[in-house]
Amino acid sequence: MDIETYNCGVVSEQFLDHNGRTILWRRFNRNDWAFDRYQKLWTEQLPDNDRLNVNGITYVHWYDCITDYIL
C-alpha cells in the first residue's frame with residue numbers, strides 16, 4: 001500500500017505474485033481529491049465503490065489496473 005507518496009490525495013494497493021511482480025493495482029482517491037475540478041466528493045460520485053479509511057480519512061476506489069502478463 002502506498003499512501004500519498006507520489007500524488008497527494010491518492011492511496012494505492014498493489015497485489016504481488018510469489019515472484020514479486022504486480023498482479024493488480026488499485027487506486028483510491030481521498031474523498032475531496034480534485035474537488036475544484038469535479039465539484040463533488042468521491043463518496044457522492046461513486047457511492048457504491050469500495051472505501052478505505054486510513055488514519056481517519058476516507059478514500060474511495062476509482063479504478064484497477066491488471067498487468068499484461070497476468071492476462
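Everything below is about the structure shown above.
Let us look at the structure shown here.

Reading the values: the criteria
- Residues numbered from 1 in each chain as written.
- Predicted model: local features only at pLDDT ≥ 70, side-chain atom pairs only at ≥ 80, totals over all residues.
- Heavy atoms only, no water.
- Helix = DSSP H or I, 4+ residues; strand = E, 2+ residues; numbered from the N terminus.
- Contact = heavy atoms within 4.5 Å.
- Areas by Shrake-Rupley, 256 points an atom, 1.4 Å probe, with all protein chains shown as cover.
- Lys, Arg positive; Asp, Glu negative; His and termini not counted.
- Charge placed at Lys NZ, Arg CZ, Asp CG, Glu CD.
- Pairing = 2+ DSSP bridges.
- Salt bridge = Lys/Arg side-chain N within 4 Å of Asp/Glu carboxyl O.
- Buried < 20%, exposed > 50% of the residue type's maximum accessible area, 1.4 Å probe, protein only.

### Thoughts on the overall build of the chain
Then, in step 1: Counting its secondary structure elements, the chain contains two helices and five strands.
Then, in step 2: Written out in order from the N terminus, the α and β elements of the chain read β-β-β-α-α-β-β.
Then, in step 3: Reported as C-alpha extents along the three principal axes, the dimensions of the chain are approximately 40 × 25 × 20 Å.
Then, in step 4: Intrachain contacts of the chain at a sequence separation of at least 6 include 43% that bridge at least 24 residues.
Then, in step 5: For the chain, the exposed area adds up to about 4900 Å²; of that, 49% sits on carbon and sulfur atoms.
Then, in step 6: Side chains of the chain give 7 positive and 11 negative charges; the mean places of these two sets differ by 3 Å.

### A look at the sheet that holds strand β5 (residues 57-66)
Strand pairing in a sheet is mediated by backbone hydrogen bonds. Such pairs are either parallel or antiparallel.
Then, in step 1: Strand order in the open sheet formed by five strands is β1-β2-β3-β5-β4, with antiparallel pairing between adjacent strands. Single-partner strands in this sheet number two, and they are β1 (2-3) and β4 (51-54).
Then, in step 2: Of the strand pairs in this sheet, β1 and strand β2 (residues 10-16) are connected by two bridges, and their pairing is antiparallel. Each bridged residue has a counterpart across the sheet, and for Asp-2 the counterpart in β2 is Ser-12.

### Some details on the pattern of salt bridges
Then, in step 1: Under the counting rule described, the total for this entry stands at five salt bridges.
Then, in step 2: Among the salt bridges present, the one from Arg-26 reaches Asp-64, with a minimum N-O distance of 2.9 Å. Note that Arg-26 is positioned in strand β3 (residues 22-30) and Asp-64 in strand β5, a separation of 38 residues in sequence.
Then, in step 3: Judged by its relative accessible area of 15%, Arg-26 falls in the buried class.
Then, in step 4: For Asp-64, a relative accessible area of 37% translates into the label partly exposed.
Then, in step 5: Salt-bridge contacts for Arg-30 lead to Asp-32; the nearest nitrogen and oxygen are separated by 2.5 Å.
Then, in step 6: One connected set of salt bridges, linked through shared partners, spans Glu-13, Arg-26, Asp-50 and Asp-64.

Read these as layout, nothing more, since geometry by itself doesn't imply function.
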